[in-house]
Amino acid sequence: LVKMNHMDCGLADTYAYYSAEELVAGFKKAAAFAPRVVKQNRGSAGEGIWLCWLDGKDYCANLGDVILDDNDKLKLMEMNDNHTEYHT
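Quick look at the structure, then.

Criteria and cut-off values
- Residues numbered from 1 in each chain as written.
- Predicted model: local features only at pLDDT ≥ 70, side-chain atom pairs only at ≥ 80, totals over all residues.
- Heavy atoms only, no water.
- Pairing = 2+ DSSP bridges.
- Helix = DSSP H or I, 4+ residues; strand = E, 2+ residues; numbered from the N terminus.
- Axes fitted to C-alpha atoms, helices over the stretch in contact; angles between N-to-C directions.
- Contact = heavy atoms within 4.5 Å.
- Phe/Tyr/Trp six-rings, centres within 6.5 Å; stacked < 30°, edge-to-face > 60°.
- Lys NZ or Arg CZ within 6 Å of the ring centre and 35° of its normal.
- 1 Å grid on protein atoms, 1.4 Å probe; cavity = no way out; pocket = protein on both sides within 12 Å on 5 of 7 lines; lining within 4 Å.
- Points joined across faces, edges and corners; volume = space filled by probe spheres on them.
- Nonpolar A, V, L, I, M, F, W, Y, C, P; charged D, E, K, R; others polar.
- Salt bridge = Lys/Arg side-chain N within 4 Å of Asp/Glu carboxyl O.
- Buried < 20%, exposed > 50% of the residue type's maximum accessible area, 1.4 Å probe, protein only.

**A closer look at the sheet that holds strand β4 (residues 84-87)**
The antiparallel open sheet is built from four strands, whose spatial order is β1-β2-β3-β4. Looking along the sheet, the strands with just one partner apiece sit at the ends: β1 (36-39) and β4. Within this sheet the neighbouring strands show an average axis-to-axis angle of 30°, counted without direction. In the sheet, β1 pairs with strand β2 (residues 49-55) via four bridges, with the strands oriented antiparallel. Note that in β2 the partner of K39 across the bridge is I49. Packed on one face of the sheet, helix α1 (residues 20-31) meets β1, β2 and β3 (73-78) and runs near 150° to β1.

Rendered as structure tokens:
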């Protein structure tokens, strides 16, 4: 998906993170803009794939306008069994 983010059928705000620092910085920016799908770099049966929504706060209008802080709340749904969790 990341390799096709520049194509007409891709989404420009699709990323791959290869370090903890990249994940923290990139995810906080992207999750403030729109719901996210986070998955491990292996498999596709649903295990380890999470849908992430911002909870109790509106999304920003433009990517990068807002960076989430550590107190912002997220609603997470794991796609293997569809259980939901809430985390900051």
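After that view, the rundown keeps rolling.
**With respect to the packing of aromatic side chains**
Enumeration over the complete set of coordinates arrives at one aromatic pair. The ring of W53 is capped by K75, whose NZ or CZ atom sits 5.3 Å from the centre of that ring.

**Here's the deal with the layout of surface pockets**
A probe matching the size of a water molecule, rolled over the atoms, marks out where space remains unfilled. Roughly 1200 Å³ of internal volume is contained in the largest pocket. Lining the largest pocket are 35 residues, and of these Y15, Y17, V37, V38 and K39 lie nearest its centre. In terms of residue class, the lining of the largest pocket is made up of 20 nonpolar, seven polar and eight charged.

**Brief notes about the pattern of salt bridges**
Tallied over the entire structure, the rule returns three salt bridges. Where D72 meets K57, a salt bridge forms, and the shortest distance between an N and an O atom there is 3.1 Å. Note that D72 is positioned in the loop between β2 and β3 and K57 in the loop between β2 and β3, a separation of 15 residues in sequence. Classification of D72 as buried rests on a relative accessible area of 13%. Of the residues examined, K57 reaches a relative accessible area of 35% and is grouped as partly exposed.

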